[in-house]
Structure formats: C-alpha cells, structure tokens
Amino acid sequence: MKVFLTGGSGYIGKATIGALVAHGHTVEALARGDRAAEAVSSFGATPVRGGLGDLGVLNAAAARAEAVVHLAQAQTGAEDLAAATAMQDGIGTGTYVHTGGTWVYGDTDGIADETAPWNPPGLVAWRKPVEDTVLERAQQGGRPVVVQPGLLYGGGNRLIDIFYTVPGKEAGFIPFIGDGSNRWPLVHVEDVAALYVAALKARAGSVYVGVGGVNPTARDVSLAVAASVGLEGKVASIPLEQARKQMGPIADAFALDQQFTPARRGGARLETEVHRPARRPLQGRVTGPWTQRWSSAAHRVRTIDSEISLRGRRGRRGEHDQASRSRSGPAGRAADHLRKRAVRPGGP
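Right, let's walk through the structure included here.

Criteria and cut-off values
Throughout this document, residue positions are counted from 1 along each chain, in the order its sequence is written. Local features in this predicted model are restricted to residues of pLDDT 70 or higher, and side-chain atom pairs are both shown and tallied only at a pLDDT of 80 or more, whereas totals for entire chains, interfaces and linings draw on every residue. To obtain the side-chain values, all non-hydrogen atoms of the structure were used and water was disregarded. In this text, helices come from DSSP runs of H or I with a minimum length of four residues, and strands from runs of E with a minimum of two, each type numbered from the N-terminal end. Only protein chains enter the area calculation, which uses a 1.4 Å probe; residues under 20% of their type maximum are buried, those over 50% are exposed, and those in between are partly exposed. We call two residues in contact when some of their heavy atoms are within 4.5 Å. The protein chains shown are the only cover counted for residues, whose accessible areas, like all others here, come from Shrake-Rupley with a 1.4 Å probe. Between Lys or Arg on one side and Asp or Glu on the other, a salt bridge is scored when a side-chain nitrogen of the former is within 4 Å of a carboxyl oxygen of the latter. Between 30 and 60 degrees the pair is tilted, below 30 it is stacked and above 60 it is edge-to-face, where a pair is any two Phe, Tyr or Trp rings, Trp via its six-membered ring, whose centres lie within 6.5 Å. At least two bridges found by DSSP between two strands are what make those strands a pair. Each axis is a line fitted through C-alpha atoms, taken for helices only over the stretch in contact, and angles between the N-to-C directions span 0 to 180 degrees. Here a polar contact means two N or O atoms within 3.5 Å. Within protein one must be a hydrogen donor candidate and the other an acceptor candidate, and residues neighboring in sequence count only if both atoms are side-chain atoms. Throughout, nonpolar core names a set of buried Ala, Val, Leu, Ile, Met, Phe, Trp, Tyr and Cys residues whose side chains join them through atoms within 4.5 Å. Here, expected helix span is obtained from the residue count minus one, scaled by 1.5 Å.

### Describing the overall build of the protein
Assigned secondary structure in the protein consists of 11 helices and 15 strands. Classification of the 348 residues of the protein by burial places 57% in the buried group. Taking the contacts inside the protein whose residues are at least 6 apart along the sequence as the reference set, 72% of them involve residues at least 24 apart. By element, 49% of the accessible surface of the protein is carried by carbon and sulfur atoms, the whole surface being about 13800 Å².

Right, dumping it as structure tokens:
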C-alpha cells in the first residue's frame, strides 16, 4: 500500500516509517526542510517537501496515496483541523489515521479504555472538536481512524528530557508531582508504530488507545529516569503549583492519574505483528481490539499477572488490585526494567 505520512522525522514517525516499510508498504513523508528530508529518507520514506500549513501539498500527497497517517504535532486545533481536512479531502475513501492521545480522558478513576468519557486538561482540550470532525467523515464514505497513544518510552523521546531529566540533573534529583502515586499508561514506541500499521485495516470510525497495559506510578517513572542518568534513588516531590510554574500547562497533564487497558471487548480487533529482537521482559498476550504477537517469547506487551484485573467491557471499568500498588507488583517490575534499560518514557 502507498502511504502518505506526516511527522515522519519525529519520535513516533521514524518508528512508524520503519514498521510500514517492514510490512511492505511504500511511504511518502512530509518534510519541512533538508534535515527532515534526510531523516525520513534514512528511515526508508520518500520526502515530500512542505509543512502542515501547506494545505495544497498535503491534499495532493494524500490524493496520490492509498492511506494517510497523520503524526505531526500542530500548534493549534485550527491548524490540525485544516491539515486533517486537506488530507481527508485528498484521500477520499482511503484510510485516514489521525493521532490523538490518552490525556484527553483526564483522570480515569481506575482502569479504562477508549469508551471512557472525555475530561481533558486545558492543554489538549482542543482535540475534541478536531477528532469529532475527523470521525464524522465515516458518515460521508470516508475511512477515518483515530489512534490515541499513551505515554511513550523507548528510543530518543525528548519530552521527559525537557521537563524532568534536564532540570533534574541541574537540581540533583528527578521530580515527581505531588505524592507521585498517580499512574501513567506506558507503551513502547515500536508497539505504537505497529498499531499504526494495523490501523490501516481498521473499520471506519474506529478509535484505539495505544497502550501496553502497564500503568506504573509517576514516582516509579521518576526513579527509573533518575537511575538512567546516574541519580539512583534521588527523586523528590514538588507541589503542582510549583510544577505549573516550572513546566507550564503540561504539568496538569503529567499530574493526571490514568490507567488504561488495551483489552477492550466488543470493538473491532486489530492484529499487529512486531518484528524485532527481545527488548524487555514483558510476559503475556494482549487480546481485544489489537493483539500483538512478538517473535520473541521473552517479550510480550502485557506485564499483567493476577495482581491486576483488566476488564475492558464497554461502559465498565476494571479495578486495580491493591497489591499492584506495591513496588513488588507488575508496575514496580516495569519501572525496574526502565531503570535497567535506561529508556526514557515520553508523552502523547
């Protein structure tokens, strides 16, 4: 399939180009300048010169393609919607995959899936009218799909570097907001890339949260980041008010308490195949809207055992077993792995 992709030189983009090419797809990728063009070329895509504001370029590239994957981060909702409209006009009845994020759901009050009600912090409140408009194309013969990644880790994501690692190294400790008991829905960037590939075959109007079923506490993530930069055990709490002053509006997103499951029942199911060597000790198998079958038996997306119950029924949320709140639970083991691998989690 011929795929046009935006945001190809970015964190998720390079992994997604690699996954698309590995599955035999031909990729054209938007590139604003020479550096971005060289980057997407090195990943296996053909560069298309232009930016998100070049609506004619977006429309023409989408019209040449059989599917579109929109990963680029817009500066405003208006910019994102204009770009999405241009590409949906171009692709017509072909698949258009739009990128959102799990932050739009706010605090989840337990384990949730993509059927949860929206309660976004101000930083991402603009996404609602954009995604609603994108999905409306399904009623007009289009094939829109929305992917909402959780907090990403693996590779070179700079989000945590900017807001946690760099200031933390200067201060001598990695911060966490409040008591750090709020949870972050982590997912490896290559798993999200595999989901984008699978989404090309999704039903029109589908929405998928891209998560790994692992929801460690923010404090555990800070401990992992601290260990990765030689500050083993050196973490400290900062009040939300201080975090807002230091980080800006994104502090409210980092303070969210979110747990997500990829095991939703009753929805369309996507099969994803990930070809890569063993990378982290995650055991088990995810079934539901998307299933990941990895070539290495040592690496499965779900580090869930009997301590966590994931009941992904529509309109019903599972409850997190109290035992998993301990550092010996699966979330603690995931954080231990992050420390050992020195990978940096990132955000939607």
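### Observations concerning the pattern of salt bridges
Tallying each qualifying case throughout the model produces six salt bridges. With its nearest N and O atoms 2.7 Å apart, the salt bridge here joins Arg137 to Asp89. Here Arg137, found in the loop between α5 (127-136) and β7 (143-149), pairs with Asp89, found in helix α4 (residues 77-91); they are 48 residues apart in sequence, far enough to count as distant. For Lys128, the salt bridge goes to Asp132, with nearest N and O atoms at 3.5 Å. Of this pair, Lys128 and Asp132 both sit in helix α5, four residues apart, which is roughly one turn of that helix. Asp132 gets classed as partly exposed once you look at its relative accessible area, which sits at 32%.

### What about the packing of aromatic side chains?
In this structure the tally under the stated criterion is seven aromatic pairs. Their ring planes at 85° and their centres at 5.8 Å tell us that Trp103 and Phe254 sit as a pair that is edge-to-face. Linking Trp103 in the loop between β5 (95-99) and β6 (111-112) with Phe254 in helix α10 (residues 250-254), this pair joins segments that are 151 residues apart in sequence. Accessibility assignment for this pair places Trp103 and Phe254 in one class, buried. What links up through ring pairs into an aromatic cluster is the set Trp103, Phe163, Tyr164, Trp184 and Phe254.

### Focus: the pairing of β5
By the criterion of burial, β5 is predominantly enclosed, with five of the five residues buried. Every second residue of β5 is oriented toward a common face, with Thr95, Val97 and Thr99 on one face and Tyr96 and His98 on the other, all of them buried. Summarising the sheet, strand β4 (residues 67-70) and β5 pair through four bridges and their orientation is parallel. Bridging across to β5, Val68 finds its partner in Tyr96.

### Here's the deal with the sheet that holds β4
The strand order across the open sheet built from seven strands is β3-β2-β1-β4-β5-β7-β11, with neighbouring strands paired in parallel fashion. Looking at strand neighbours, the two that pair on one side only are β3 (46-49) and β11 (206-210), the edges of this open sheet. Ignoring strand direction, the axes of neighbouring strands in this sheet form an average angle of 20°. Sheet analysis places strand β1 (residues 2-6) next to strand β2 (residues 26-31), joined by four bridges and oriented parallel. Note that in β2 the partner of Val3 across the bridge is Val27. Helix α3 (residues 55-64) contacts β1, β2, β3 and β4 of the sheet and is inclined by roughly 155° relative to β1. Along the sheet, helix α7 (residues 189-199) contacts β4, β5, β7 and β11; its crossing angle with β7, the most-contacted strand, is approximately 170°.

### A short note on the side chain of Gln148
Considering the arrangement of structural elements, one finds Gln148 in strand β7. Residue Gln148 is classed as buried on the basis of its relative accessible area of 0%. Polar side-chain contacts of Gln148 include one of 2.6 Å to the side chain of Tyr105. Within polar-contact distance, the side chain of Gln148 engages the side chain of Glu131 at 3.2 Å.

### Looking at the pairing of β11
Counted residue by residue, β11 has five buried out of five residues, so it is predominantly covered. Burial along β11 is two-sided: Ser206, Tyr208 and Gly210 facing one way and Val207 and Val209 facing the other are all buried.

### A word on the nonpolar core
Membership of the largest hydrophobic core comes to 55 residues, with the highest contact counts inside it found for Phe4, Trp103, Trp184 and Phe254. When sequence neighbours within four positions are dropped, the list of residues in contact with Phe4 reads Glu28, Ala29, Leu30, Val48, Leu58, Ala61, Ala62, Ala65, Ala67, Val68, Val69 and Met87.

### Here's the deal with helix α1 (residues 11-22)
Its 12 residues give α1 an end-to-end C-alpha distance of 17 Å, which sits within 8% of 16 Å, the value for a rise of 1.5 Å per residue. Turning to α1, its buried residues number three or more, namely Tyr11, Ile12, Gly13, Ala15, Thr16, Ile17, Ala19 and Leu20. Once α1 ends, the next one or two residues include Gly24, with phi positive near 90°.

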